[in-house]
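What follows is the residue order along each chain.
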Amino acid sequence: MTQGPIGVFDSGYGGLTVLKEIIAELPEYDYCYLGDNARTPYGNRGFETIHAYTLDCVQHLFRMGCPLVILACNTASAKALRTIQQKDLPRIAPDRRVLGVIRPTTELVGTLTQTGEVGILATNGTVASDSYPIEINKFFPHVKVYQEACPMWVPLVENNEHEGPGADYFVKKHLDHILSEAPNIDTLVLGCTHYPLLMGRIREYLPGGITVLSQGKIVAHSLKDYLRRHPEMEVRLSKNQDHRFFTTDDSRIFDRMAATFFGKTVQSQHLAL
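Quantities reported herein were computed from a predicted structural model and do not represent experimental measurements.

With 5 of 5 residues buried, strand S2 (residues 31-35) lies mostly within the body of the structure. Taking every second residue as pointing to the same face, both faces of S2 are buried, with Tyr-31, Tyr-33 and Gly-35 on one and Cys-32 and Leu-34 on the other. In this sheet, S2 lies alongside strand S1 (residues 6-10) in parallel orientation, the contact comprising 5 bridges. Bridge pairing in S2 links Phe-9 to Leu-34. Handedness of the crossover is the feature at issue here: the chain leaves S1, passes through helix H1 (residues 15-25), returns alongside S2, and the resulting connection is right-handed.

What the 6 strands build is an open sheet, ordered S4-S3-S1-S2-S9-S10; its pairing is parallel. Strands with a single pairing partner mark the edges of an open sheet, and in this sheet they are strand S4 (97-99) and strand S10 (268-270). Taking the axes of each pair of neighbouring strands and ignoring which way they run, one obtains an average angle of 25° across the sheet. Where helix H11 (residues 215-229) meets the sheet, it contacts S1, strand S3 (68-71) and S4, and its direction lies at approximately 155° from that of S3. Where helix H13 (residues 251-262) meets the sheet, its contacts fall on S2, strand S9 (243-247) and S10, and the angle it forms with S10 comes to roughly 145°.

Spatially, 4 strands are ordered S6-S5-S7-S8 in an open sheet, and the strand pairing comes out parallel. The open sheet terminates on both sides in strands that have one partner only, identified here as strand S6 (144-149) and strand S8 (211-213). The sheet shows a mean angle of 20° between the axes of neighbouring strands, taken without regard to direction. One ladder, built from 3 bridges, connects strand S7 (residues 187-190) with S8; its direction is parallel. Within S8, the residue paired with Leu-188 across the bridge is Val-212. On the sheet, helix H7 (residues 131-139) packs against strand S5 (117-122), S6 and S7 and is oriented at approximately 165° with respect to S6.

Here we come to unusual backbone geometry. Pro-41 follows Thr-40 through a cis peptide bond whose omega is 5°. Tracing the backbone through its elements, the reader meets Pro-41 in the loop between S2 and helix H2 (47-63). With phi around 55°, Asn-160 is a residue other than glycine that occupies positive phi space. The exposure class assigned to Asn-160 is partly exposed, which follows from its relative accessible area of 44%. The backbone of Gln-241 shows a phi angle near 55°, a positive value even though the residue is not glycine.

This part is about the packing of aromatic side chains. As enumerated under the stated definition, the model contains 10 aromatic pairs in all. Taking 6.2 Å as the distance between ring centres and 45° as the angle between the ring planes, the aromatic pair formed by Phe-9 and Tyr-42 counts as tilted. With a gap of 33 residues between them, Phe-9 in strand S1 and Tyr-42 in the loop between S2 and H2 connect regions that are remote in the sequence. You'll find Phe-9 and Tyr-42 in the same group, each marked buried. Arranged with centres 6.4 Å apart and planes meeting at 45°, the rings of Tyr-33 and Phe-245 form a pair that is tilted. Pair noted here: Tyr-33 is in strand S2 and Phe-245 is in strand S9, with a separation of 212 residues, a long-range link. The same class applies to Tyr-33 as to Phe-245, namely buried. One aromatic cluster is present, formed by Tyr-13, Tyr-33, Phe-245, Phe-254, Phe-261 and Phe-262 through successive ring pairs. Between Lys-79 and the ring centre of Phe-47, over which it is positioned, the NZ or CZ distance is 4.7 Å.

The next thing to look at is the packing of H1 against H11. Where H1 meets H11, the closest approach of the two axes is 8 Å, and the angle between their N-to-C directions is 45°. Taken together, H1 and H11 sit at an angle that is classed as oblique. As H1 runs across H11, the sense of the crossing is right-handed. Residues Thr-17, Val-18, Glu-21, Ile-22 and Glu-25 of H1 touch H11, and the partners they reach there are Gly-216, Lys-217, Val-219, Ala-220, His-221, Leu-223 and Lys-224.

Further remarks concern the side chain of Glu-117. On the secondary structure map, Glu-117 appears in strand S5. Buried within the structure, Glu-117 lacks any salt-bridge partner; its nearest side chain of opposite charge belongs to Lys-144, at an N-O separation of 4.6 Å. Here Glu-117 is in contact with Lys-144, Tyr-146, Ala-182, Asn-184, Ile-185, Asp-186 and Thr-187, once residues within four sequence places are set aside.

Relative to the helices and strands, Arg-39 is located in the loop between S2 and H2. Exposure remark for Arg-39: the relative accessible area of 18% places this residue in the buried category. At a separation of 3.4 Å, a polar atom in the side chain of Arg-39 contacts the side chain of Asp-56.

Criteria and cut-off values
Residues numbered from 1 in each chain as written. Predicted model: local features only at pLDDT ≥ 70, side-chain atom pairs only at ≥ 80, totals over all residues. Heavy atoms only, no water. Buried < 20%, exposed > 50% of the residue type's maximum accessible area, 1.4 Å probe, protein only. Helix = DSSP H or I, 4+ residues; strand = E, 2+ residues; numbered from the N terminus. Pairing = 2+ DSSP bridges. Right-handed = clockwise from strand over helix to strand, strands pointing away. Axes fitted to C-alpha atoms, helices over the stretch in contact; angles between N-to-C directions. Contact = heavy atoms within 4.5 Å. Phe/Tyr/Trp six-rings, centres within 6.5 Å; stacked < 30°, edge-to-face > 60°. Lys NZ or Arg CZ within 6 Å of the ring centre and 35° of its normal. Parallel < 35°, antiparallel > 145°, perpendicular 65-115°, else oblique. Left-handed = near helix turned anticlockwise from the far one by under 90°. Lys, Arg positive; Asp, Glu negative; His and termini not counted. Salt bridge = Lys/Arg side-chain N within 4 Å of Asp/Glu carboxyl O. Polar contact = N/O pair within 3.5 Å; in protein donor to acceptor, adjacent residues only side chain to side chain.

Keep in mind these values describe shape, not function.
Here it is as structure tokens:
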């Protein structure tokens, strides 16, 4: 049997915060990360475009030998995952699997709230998709979900301004707004993989008693459970602790930025789509 790495895809850098936690939880496997930095951001693009871009990158990861791909991108998970799973995979790769980051988060969030009210902080695209309210309602129909689009948070992180005064203004603005709409929220989901880098600022402007969920550890635990429940997939994964990184943009820029998200330096290769 030919074995291959776990593929991890993101529209840019944010998925590295998820990959970091997956490697910490499952260090024995090989990983192949692909950031579509040349076409980022995905957050403001339409469903058809995001589906086309995501499928393109997933197929590249398949060609690299990945039997399993994680969409470590909320926008791609919201706007492309279901179509890929239900329509594309049966046609192009029925023996491969693609998983997202939204479902593992929504399966957990309802168990944490005491007030029955939760908030989602995300990009415009993820909010517009209503993926979080739809998925949460499947598991916890009694939970009320409030969403807040935070379009400036990704640019703040990617321009290394997440620790500057500009971050204070935009973080406080959006937290104040969602809490004014729903003051009983006791659980907040960071529905974008960039947002954990703003965690310090977010906690600073939140009242006490609100749980803030970052997706990295959640997705890592969920993947571990998935592989336990699907041994037929687990045996197809290579285990050499090899990590490869690819970007559709300039690899030098990617390497410089990646350390902020991944926590250590990486050496990437350029991938021409």
